[in-house]
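# Analysis of the macromolecular model
Now for the letters of each chain:
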Amino acid sequence: MKTIDVIGIGNALVDQEFEVTDDFLQKHNLKKGMMELIDEDAQNTLIAELSELGELKKQCGGGSAANSLVAFAQFGGKAYYCCKVADDEAGMFYRQDLEQVGIETSLKKQQNPGITGRCLVMVTPDAERTMRTHLGITADLSTVEIDDHAIAAANYLYIEGYLITSEIARGAIQHAKKVARDNNTKLVMTCSDPAMVKFFRDGIDEILEGGVDLMFCNREEAELLTGKDDPQAALSVLLKQADTVAITLGKDGALIANRERQVHIPGVPVKAIDTNGAGDMFAGAMLYGLTRNMPLEDAGRLASHAAAELVTEFGARLDKERQQQLIERVMKAQTA
């Protein structure tokens, strides 16, 4: 009997968001639009520089998979998260933050010395986000933090691409995949960032080994994965590794296809302020639609509208009330 809609495994990071200029990125040799891992000293130095620019815009418990699960839970789905934090102030904040949105976690049994991971999100005036992450203790996510019983009780296992930077976490992924396959839990993966495909391709291939039920990626990730410079051509290749593929295209919407059919989801015109978390929101919203047996078009349309709504403000989350209003508005438009 399945009692959980979606269980995710991913990095547990406290996201801190700042507004910056392109000049700031150039001055500090930060490659725009990419996530890079840095050590604690480098992150503290960068925080000091950012603090001189102005106040922290937003802070929340994040990580790619966590962002998606927050969106999923606030739409009304039942979610569970396997992750790792330290027994420090940031770790306590992270636990409480996810609990407040109704997500169960594997954190209750943990008492880990060390430092909780943190991601600095720098947003430029064109709404692009550039991230520098110190993983802290989440780099040691292992099979110890994986809840086999929760995976067996879930309809979907959602795997975050960022995990592949850690050899220990890659082992945890393989363990979780086996438990999922043994218990008829569908496998879902997200590439998370073009840097993961570009610099850790072996890890992405490990997740995809044996195929997955659903795959999320953006246009750049799809092109890097397939060597195709056209999303349509890339989609055809990716469908050999995933039963269903969703390629997000920014303002142009998304391409979603399974082995039987393909749909183009139109983009939603908005004035973007911050694109941080847009892909995570898309995945969380689409998963919610699929767990409610929506057709691909309806699930994709909900996801597209949710991502568009998100980029109109700072941060990787919408509040629950706005999400509830959004789903009511989108569903009403679909039936009109």
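Residues numbered from 1 in each chain as written. Predicted model: local features only at pLDDT ≥ 70, side-chain atom pairs only at ≥ 80, totals over all residues. Heavy atoms only, no water.

### Considering the UniProt feature "domain: Carbohydrate kinase PfkB" (unreviewed entry) in the protein chain
UniProt records the feature "domain: Carbohydrate kinase PfkB" (unreviewed entry) for residues 48-319 in the present numbering. Within the segment residues 48-319, helix and strand shares are 40% and 22% respectively, and the terminal C-alpha atoms sit 29 Å apart. (UniProt positions renumbered as here; feature names shortened; annotations may be inferred. Helix = DSSP H or I, 4+ residues; strand = E, 2+ residues; numbered from the N terminus.)

### Re the state of the cysteines
Evaluation of the coordinates by the stated rule reveals zero disulfides. With no disulfide of its own, Cys 217 lies 5.1 Å from the sulfur of Cys 191, the closest cysteine sulfur. (Disulfide = S-S within 2.5 Å.)

### Notes on the pattern of salt bridges
Any two side chains of opposite charge can pair, given that their charged atoms come close. Taken as a whole and judged by the stated rule, the model has 22 salt bridges. Across the pair Glu 19 and Lys 57 runs a salt bridge whose closest N-O atoms are separated by 3.3 Å. Pair noted here: Glu 19 is in strand S2 (residues 13-19) and Lys 57 is in the loop between helix H2 (40-53) and strand S4 (58-62), with a separation of 38 residues, a long-range link. The partly exposed category is assigned to Lys 57, whose relative accessible area is 34%. Where Lys 32 meets Asp 126, a salt bridge forms, and the shortest distance between an N and an O atom there is 2.5 Å. Of this pair, Lys 32 sits in the loop between helix H1 (22-27) and strand S3 (35-37) while Asp 126 sits in the loop between strand S7 (117-123) and strand S8 (129-134), placing them 94 residues apart in sequence. On the basis of relative accessibility, which here comes to 45%, the residue Asp 126 falls in the partly exposed class. (Salt bridge = Lys/Arg side-chain N within 4 Å of Asp/Glu carboxyl O. Buried < 20%, exposed > 50% of the residue type's maximum accessible area, 1.4 Å probe, protein only.)

### Topic: the layout of surface pockets
Considered as a void within the structure, the largest pocket measures approximately 1200 Å³ in volume. Looking at the largest pocket, it is lined by 48 residues, and the ones nearest its centre are Asn 218, Thr 248, Thr 275, Ala 278 and Gly 279. Counting residues per element, the ones that place at least two in the lining of the largest pocket are S2, S3, helix H3 (64-75), S8, strand S11 (212-218), helix H9 (219-226), helix H11 (278-291) and helix H12 (296-310). Per-element tally for the lining of the largest pocket: the top contributor is H11, with five residues. Among the residues forming the lining of the largest pocket, the class breakdown is 21 nonpolar, 19 polar and eight charged. (1 Å grid on protein atoms, 1.4 Å probe; cavity = no way out; pocket = protein on both sides within 12 Å on 5 of 7 lines; lining within 4 Å. Points joined across faces, edges and corners; volume = space filled by probe spheres on them. Nonpolar A, V, L, I, M, F, W, Y, C, P; charged D, E, K, R; others polar.)

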